[in-house]
Each structure stands twice: as structure tokens, then as C-alpha cells.
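If you want the building blocks of each chain, they are given just below.
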Amino acid sequence: MELGIEICGIRLEHPVLNGSGTFDAIAARGAFGDRLDRDFPFSAFVSKTITPEPRAGNPPPRLYETPAGMINSIGLPNKGLEGFLERDLPELARLPVPLIVSVMSPTREGFATLVGRVGARAEVAAIELNVSCPNVSSGLIVGEQPDETAALLAALRPLTDKPLIVKLTPTVADPAAVASAAERAGADAVSLINTLRATALDPVSGEPWLGAGSGGLSGAAIRAVALDQVRRVAAAVSIPVIGMGGIETGADASAMLRLGASAVAVGTASFRDPLAAARIRAELAEDLSRRGLERLPRGLSPSTST
Ligand code: RRO
């Protein structure tokens, strides 16, 4: 079965990407060497989110395993824009697939600097705007407000010809309204969902387990939420939707594609098995053939009601 897709003008061999921040390709190259390039599990690589200035991230502990997923409170540790361009970009540009760089700033000016500088690099195929990180304490999450999201896109759109993908938050009553605002203001695609805000207590001390107090829930626990939000968003926009949230099998990926996603991303499953996405792609091809589908099902959404 032909799994190739074109998304925002970028040709991809199949529809399985990684979720930003869930696969460290530079560390993986150290561990697996050239095998990583031969067996690379994703059709495009989305970087961990970068910010204008370096960040140390949140205090430990940063992870908590739940019965069907995990809570992270990583807090955006990164080398900052300059460190990324100098040290990480040359490494990521060697990957055998198109590179999507995820960026985030607490200010519109910071976003503009990131988009201008990253967008000017030929190694970068597209930029993901992370307006949905649950783990920064800067107050407003831009992606919770349609108007804020649109204003951000309107400011950034003229700064680059590269496709802009908006990473949506699930913590809104109407994700389709935010997605539509992003589309109207010039977004080329949306990706969803980011993690859901979550808390866990240390069973012994009774205090919050995570160093930052709370974090973002991912994994199988959020799959049903992700499927519903992808369905609602895909019904509302004409730009491509990259769906993610708890995808662990080809059947999960197939469901998300049949609900309107043009591509999917694997995140938490890669922590347990770095090659999970390769298995999911193979299972997806089998699932779609079993259903008699000869092409990827964008547009065959069984329900478009919200
Ligand atoms: O770094 C993080 O803590 C983080 C980010 Br930027 C994000 O977008 N989503 C998430 O669950 N964690």
C-alpha cells in the first residue's frame, strides 16, 4: 500500500512523524550510529522546542508514570536559539528526513526572532509554533485564545516562506475555534494534541511528586481525548491536521487518520521502544489494506459534527 503523503508542500514517505520533544535524535545517533539513518522510524523529524534564550528546565523529578501514560514536567530545557543553530541544527540536518523545528517564546518579539532566524536556514523544512506548552509559568498560554493565536500568526506569517504549523493545546473548550483562527491568519497546518495538565502526589510524603508541582499527561490515557479533538478540528479546517496523543498501534494511527488527520505523530510510545513508530507504520499499512482502503483516508471522516 502507498503510504506517501505531501503535507504543506513537503513530500513524506509515510504519515508517521514524532511528537516534538519525545525522541532525542542526537542521543539516538550516539547510541545506534549509522543504523539510525538506515532504520529511521519517522518520515519527518520534529525537534524539541527551542526558545530565544537558553533554559535549564524545571527542577526534578520531571517524570511520573501513570497507569496508562506519563506526566512530564520537563520545562523546555534547551540551548537557546544560538546554541541550537550552532550545535544542534548541523546534527539534525544529517537526518535522512525533512526537519521541522519547534519554537516557543513568552513574547511575540521572541517568536518573531525565532521564526526569522530558523526560517532563513535551508536545512529547515517547516516550523512548528508551540503555543501550548503546559510547563512554563509565564501566565497566558497563547493557544488558549483564538484571537491571541491569530494575532501571533499575523505577526509571524510575513517573516518566512516556510510552512508554519501551529501546535494546539487540548485545554480549551473549543479547539476547532483556535484552529480556525490559526488557519485564517495564515497557518499551513495544525498539530494536536499537546499534553493535558496533570498532577500526582508522592504516595509517601503526600507532597506533589513533580518538582514543578504539575505537568502534562501523555500516552494511552489521553488517546480518546486526542481522537475527539482531531475529529472536531479536522472537520473545521481545510489545512492539514497532524494528529497525536496516545498512538501506540497501527490501529490507533488508522483511527486518527480516518477521523480526518493527514498525518500522525508518535510520542510517549517511543520512550518505551525507540522503534515503536516503525512498527506502527507497518501495522497501519496492514490495517488500511484490511479495510480495503487503497490510499490514506483524509476526507473519509465518518462524522464531521462537533
Ligand atoms: O518541555 C516541556 O515540559 C513540554 C513542552 Br515544551 C510541551 O510542549 N509539552 C509538554 O508536555 N512538555
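Preceding this section is the structure that the text describes.
Residues numbered from 1 in each chain as written. Predicted model: local features only at pLDDT ≥ 70, side-chain atom pairs only at ≥ 80, totals over all residues. Heavy atoms only, no water.

Enquirer: Give a detailed account of the nonpolar core, specifying residues and quantitative values.
Expert: In terms of nonpolar packing, the biggest core is built from 95 residues, with Leu-17, Phe-45, Val-103, Leu-129, Val-166 and Val-190 touching the most fellow members. It is helix H10 (residues 276-290) that provides the largest number of residues to this core, a total of six residues. With near-sequence residues (within four places) excluded, Phe-45 lies in contact with Asn-18, Phe-23, Ala-25, Phe-40, Leu-92, Leu-95, Val-97, Pro-98, Leu-99 and Ile-100. (Core = buried A, V, L, I, M, F, W, Y, C linked by side-chain atoms within 4.5 Å. Buried < 20%, exposed > 50% of the residue type's maximum accessible area, 1.4 Å probe, protein only. Helix = DSSP H or I, 4+ residues; strand = E, 2+ residues; numbered from the N terminus. Contact = heavy atoms within 4.5 Å.)

Enquirer: Break down the packing of helix H6 (residues 175-184) against helix H7 (residues 223-236) for me, with residues and values.
Expert: Orientation of H6 relative to H7, taken along the N-to-C sense of each, is 40°, at an axis distance of 9 Å. Regarding the angle of H6 to H7, the classification is oblique. As for the relative orientation of H6 and H7, their crossing is right-handed in sense. Facing Pro-175, Ala-176, Ala-179, Ser-180 and Glu-183 of H6, the residues of H7 in contact are Gln-229, Arg-232, Val-233 and Ala-236. Residue composition of the contact of H6 with H7, by class: five nonpolar, two polar and two charged. (Axes fitted to C-alpha atoms, helices over the stretch in contact; angles between N-to-C directions. Parallel < 35°, antiparallel > 145°, perpendicular 65-115°, else oblique. Left-handed = near helix turned anticlockwise from the far one by under 90°. Nonpolar A, V, L, I, M, F, W, Y, C, P; charged D, E, K, R; others polar.)

Enquirer: Before we move on, could you go through the pattern of salt bridges and cite the residues and values that matter?
Expert: If the charged atoms of two oppositely charged side chains come close together, the side chains can form a pair. Summed over the entire model, instances satisfying the criterion amount to 18 salt bridges. A salt bridge links Arg-121 to Glu-123, with the shortest nitrogen-to-oxygen separation between them at 3.0 Å. The exposure class of Glu-123 is partly exposed, given its relative accessible area of 32%. Where Asp-287 meets Arg-291, a salt bridge forms, and the shortest distance between an N and an O atom there is 2.7 Å. If you follow the salt bridges from partner to partner, you end up with Arg-29, Asp-37, Glu-91 and Arg-94 in one network. (Salt bridge = Lys/Arg side-chain N within 4 Å of Asp/Glu carboxyl O.)

Enquirer: Explain the pairing of strand S5 (residues 63-66) to me, and be specific about the residues and the numbers.
Expert: Pairing between S5 and strand S6 (residues 69-72): four bridges, direction antiparallel. When the sheet's bridge partners are listed, Glu-65 is paired in S6 with Met-70. The antiparallel hairpin formed by S5 and S6 contains two residues in its connecting segment. (Pairing = 2+ DSSP bridges.)

Enquirer: Talk me through the sheet that holds S6; I want residue IDs and the actual numbers.
Expert: Pairing within the open sheet is antiparallel, and its four strands lie in the order S5-S6-S12-S11. With one partner strand each, in any of the chains shown, S5 and strand S11 (196-198) form the two edges of the open sheet. With direction set aside, neighbouring strand axes in the sheet form an average angle of 35°.

Enquirer: Run through the packing of aromatic side chains, naming residues and quoting values.
Expert: Applying the stated criterion across every chain, the model contains six aromatic pairs. The interplanar angle of 65° and the centroid separation of 6.2 Å between the aromatic rings of Phe-40 and Phe-45 together place this pair among those described as edge-to-face. For Phe-40, a relative accessible area of 8% corresponds to the buried category. Note on Tyr-64 and Trp-209: the rings are 5.6 Å apart at their centroids and 70° apart in plane angle, and the pair reads as edge-to-face. Here Tyr-64 is found in strand S5, whereas its partner Trp-209 is found in the loop between S11 and strand S12 (215-218), with 145 residues between them in sequence. Of the residues examined, Tyr-64 reaches a relative accessible area of 24% and is grouped as partly exposed. With relative accessibility at 31%, the residue Trp-209 sits in the partly exposed group. Cluster of aromatic residues (ring-pair linked, three or more members): Phe-23, Phe-40, Phe-42 and Phe-45. (Phe/Tyr/Trp six-rings, centres within 6.5 Å; stacked < 30°, edge-to-face > 60°.)

Enquirer: So, the sheet that holds strand S13 (residues 241-244): which residues are in play, and what are the values?
Expert: With respect to topology, eight strands assemble into an open sheet ordered S3-S14-S13-S10-S9-S8-S7-S4, the strand pairing being parallel. The open sheet is flanked by strand S3 (16-18) and strand S4 (45-46), the only strands paired with a single partner. Direction of pairing for S13 relative to strand S14 (residues 263-266): parallel, over a ladder of three bridges. Looking at S14, one finds that Ile-242 is bridged to Ala-263.

Without other data, these values stay purely geometric and don't point to any function.
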